[in-house]
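One letter stands for each residue in the lines below.
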Amino acid sequence: MRQGIDGLARVISDTYHLDLFDNALFLFCGGKSDRFKSLYWDQNGFILLRRLYN
C-alpha cells in the first residue's frame with residue numbers, strides 16, 4: 001500500500017491491461033485487509049482515496 005497514483009495506474013494498465021480512463025473505480029486492498037485505496041479518473045485528473053481501519 002505504499003504506491004501512489006503513478007504506481008497504481010501502472011498496475012492497472014500493465015498487469016490487468018485495463019483502460020485507466022474508462023468509467024471505473026479501481027480498488028486496492030492491503031495485505032492485512034485493514035486498509036484500501038481507490039483510484040478514479042474524473043475527466044480533470046485522478047482521484048486517490050485512502051481508508052485505514054483501526
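Summary of the structure given here. (Residues numbered from 1 in each chain as written. Predicted model: local features only at pLDDT ≥ 70, side-chain atom pairs only at ≥ 80, totals over all residues. Heavy atoms only, no water.)

Considering the side chain of serine 38
Here serine 38 shows up in strand E2 (residues 35–41). When sequence neighbours within four positions are dropped, the list of residues in contact with serine 38 reads Leu25, Phe26, Leu27, Ile47, Leu48 and Leu49. (Helix = DSSP H or I, 4+ residues; strand = E, 2+ residues; numbered from the N terminus. Contact = heavy atoms within 4.5 Å.)

Overview of a nonpolar patch on the surface
Where nonpolar side chains cluster on the molecular surface, the patch consists of Leu25, Leu27, Tyr40, Ile47 and Leu49 and spans about 460 Å² of accessible area. Secondary-structure elements contributing two or more residues to the nonpolar patch are strand E1 (25–29) and strand E3 (46–52). Inspection of the secondary structure assignment puts leucine 25 in strand E1. (Patch = residues over 30% accessible without salt bridge, like charges linked within 9 Å, V, L, I, M, F, W, Y side chains within 5 Å. Areas by Shrake-Rupley, 256 points an atom, 1.4 Å probe, with all protein chains shown as cover. Salt bridge = Lys/Arg side-chain N within 4 Å of Asp/Glu carboxyl O.)

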